[in-house]
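The primary structure of each chain is shown beneath.
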Amino acid sequence: MKAPELLSPAGTLKSMRYAFAYGADAVYAGLPRYSLRARNNDFLEDNLRIGIDEAHAAGKQFFMAVNISPHNSKLRTFIKDMTPLVEMQPDAFIMADPGLIMMVREQWPDMPIHLSVQANTVNYATVQFWKSVGVSRVILSRELSLDEIAEIRDRCPDMELEVFVHGALCIAYSGRCLLSGYFNHRDPNQGTCTNACRWEYKTHGAEEDISGVVHPDQAEVISMADLNASNKIAGERIEGLDLSGGLAHETFGPTGGARHPLADRVYLLEELNRPGELMPIEEDEHGTYIMNSRDLRAVEHVQALTRIGVDCLKIEGRTKSHYYVARTAQVYRRAIDDAVAGKPFDPELLVELDNLAHRGYTDGFFERHHTKEYQNYIEGVSKNREQQFVGEISGIKGDWAEVEIKNKLQVGDAVTFLLPDGNRVEQVAEMQAMDGSAMIEAPGGGHRVRLRLPAGAAQYGDRLKYGLIAKHLKS
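Residues numbered from 1 in each chain as written. Predicted model: local features only at pLDDT ≥ 70, side-chain atom pairs only at ≥ 80, totals over all residues. Heavy atoms only, no water.

## A short note on the overall build of the chain
- Across its full length, the chain holds 12 helices and 26 strands.
- Each of the 475 residues in the chain was classed as buried or not, and the buried ones make up 50%.
- Across the chain, the fraction of contacts at a sequence separation of at least 24, relative to all contacts at a separation of at least 6, is 67%.
- As displayed, the chain offers around 22100 Å² of accessible surface, 49% of which is attributable to carbon and sulfur atoms. (Helix = DSSP H or I, 4+ residues; strand = E, 2+ residues; numbered from the N terminus. Buried < 20%, exposed > 50% of the residue type's maximum accessible area, 1.4 Å probe, protein only. Contact = heavy atoms within 4.5 Å. Areas by Shrake-Rupley, 256 points an atom, 1.4 Å probe, with all protein chains shown as cover.)

## A look at the sheet that holds strand β26 (residues 468–472)
- Spatially, the eight strands line up as an open sheet ordered β21-β20-β26-β17-β18-β25-β22-β23, and their pairing is antiparallel. This sheet does not close on itself; its edge strands, each paired only once, are β21 (424–427) and β23 (438–439).
- Here four bridges tie strand β20 (residues 414–418) to β26, and the two strands are oriented antiparallel to one another. The residue of β26 that forms the bridge with leucine 418 is leucine 468. (Pairing = 2+ DSSP bridges.)

## A look at the pairing of strand β25 (residues 448–452)
- Here strand β18 (residues 400–405) pairs with β25 via five bridges, running antiparallel. Each residue of the ladder has a partner; that of valine 403, found in β25, is valine 449.
- By the bridge criterion, three bridges tie strand β22 (residues 431–433) to β25 in an arrangement that is antiparallel. Along β25, the bridge assignment pairs methionine 431 with leucine 451.

## A word on the packing of aromatic side chains
- This model, assessed by the stated rule, comprises six aromatic pairs.
- Taking the centre distance of 5.5 Å and the plane angle of 75 degrees together, the rings of tyrosine 34 and phenylalanine 78 count as edge-to-face. Here tyrosine 34, found in the loop between β2 (26–29) and α2 (45–57), pairs with phenylalanine 78, found in helix α3 (residues 72–87); they are 44 residues apart in sequence, far enough to count as distant.
- In this structure phenylalanine 78 comes out as buried when scored by relative accessible area, which is 0%.
- For the ring pair phenylalanine 129 and tryptophan 130, a centre distance of 5.1 Å and an interplane angle of 70 degrees mean the geometry is edge-to-face.
- Among the aromatic residues, those joined into a cluster by ring pairs are Tyr18, Tyr22 and Tyr466.
- In this arrangement the basic side chain of arginine 142 is found over the ring face of phenylalanine 164, its NZ or CZ atom lying 3.9 Å from the centre.
- Stacked on the ring of tyrosine 28, the Lys or Arg lysine 314 has its end atom at 4.3 Å from the ring centre. (Phe/Tyr/Trp six-rings, centres within 6.5 Å; stacked < 30°, edge-to-face > 60°. Lys NZ or Arg CZ within 6 Å of the ring centre and 35° of its normal.)

## Overview of the environment of valine 415
- The topology assignment puts valine 415 in strand β20.
- You can call valine 415 buried: its relative accessible area is 1%.
- Separated by 57 residues in the primary sequence, valine 415 and histidine 472 place their C-alpha atoms 5.6 Å from one another.
- Once residues lying within four places of it in the same chain are set aside, the contact partners of valine 415 are Leu409, Arg424, Val425, Glu426, Val428, Ile469, Ala470, Lys471 and His472.

## Considering the side chain of glutamate 143
- Within the secondary structure layout, glutamate 143 lies in the loop between β6 (137–139) and α6 (146–155).
- Salt bridges are absent for the buried glutamate 143, whose nearest opposite-charge side chain, arginine 142, sits at 6.5 Å.
- At 2.3 Å, the side chain of glutamate 143 forms a polar contact with the side chain of serine 141. (Lys, Arg positive; Asp, Glu negative; His and termini not counted. Salt bridge = Lys/Arg side-chain N within 4 Å of Asp/Glu carboxyl O. Polar contact = N/O pair within 3.5 Å; in protein donor to acceptor, adjacent residues only side chain to side chain.)

## Comments concerning the packing of helix α5 (residues 124–132) against α6
- Running from amino to carboxyl end, α5 crosses α6 at an angle of 40 degrees, the nearest separation of the two axes being 9 Å. One finds that α5 runs oblique with respect to α6. Judged by the twist between their axes, the crossing of α5 over α6 is right-handed. Residue-level contacts link Tyr124, Val127 and Gln128 of α5 to Glu151, Ile152 and Arg155 of α6. (Axes fitted to C-alpha atoms, helices over the stretch in contact; angles between N-to-C directions. Parallel < 35°, antiparallel > 145°, perpendicular 65-115°, else oblique. Left-handed = near helix turned anticlockwise from the far one by under 90°.)

## So, the pairing of β18
- Where burial is concerned, most of β18 is hidden: five out of the six residues are buried.
- Where strand β17 (residues 387–397) folds back onto β18 in an antiparallel hairpin, the turn is made up of two residues, including glycine 398, whose phi is positive at roughly 65 degrees.

Structure follows, in structure tokens:
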């Protein structure tokens, strides 16, 4: 089987370097004005040039995201702003807007274009259309199953296909969300998303009259437990249910499925950091979507995607840390290599990804209905090795690593040394200050210490500069 390309996010040059050190074949980044990451993005023109040059020197690829849905003002400056970037020779533009694609095709006919997931490609006819206008790769919608991806592959054998396998899931179709614009006047489709769907909210009962949604004097607080319980029964028949509103008969939603008892009520949301600001939101028969965004983790499907012949597996997370980029690249590199070598899936990879901070995992839409055996397989994996990023290797002196401390670390802690050439689990037996004096504890970020390297690690030389240290948290 052909190994799919592993594509990692790069919000910073540092993240790009860690992605390559831990196994990524390519990275994607973008100028804030024209990509969907205007915040936490240091890829202005100078850094784009450095990133592209470093990627090519390492034999890697650098894709440039130009995936906004632009308003007229950005069209007027687009060609002028893109000209110096094209001269840097990125390996492709990732684009979604047909107008911008047309402008690039006319101005730079040889520039490869990858169709962004924002364009929402869900069928083979759409793939064939984009091929007809010169697009060389299509990033398929996250809403597709493995079977649907396989059919697209069969019907479009000469088009490169890319699929997301890890990262945040938007609550909107293919990421075209309006929540951040609604709540904060920061348009997600212009790159300024505040991730409003992932904040902590309280839900207040509300009333609706001719003036709109209003807060009653005695607001009923609807708990998250109530909402979650209601979501579990969405789509099922509800019989003889009697809530305070008096629903004592079967009711059905617009598609014929059951309509659960909270479906017709209206709510006000109160965000944790803005008490007293109550924002209206409605709940339909499927639940309150704003509170239901888990993270995508599809490492268990890498073998199937490789067999199908998907050309590229993509990790989301341009605003994430270099630690996240390194760990995800390392895990998915191993999954791809195992798949190509014909090895069985290693459940340990699930454990490794559980060691990252996440909001609960889902494999998205790849499998429509998991079997009981499959669910047990996923849920039965040990999760007792949760870890915290505590250190970054900044230098090597003999058998000692000079470490920039990020979180509290002390002698006796169990840690994993994350190294590009393989991880090592160790116990911190001794710690030194930079002058060689003994230390018992580094209380938190800002400290620099020396830790003894795992046996044999010093042989890896310069690659150790990308070493990271994660502390095992006690359960």
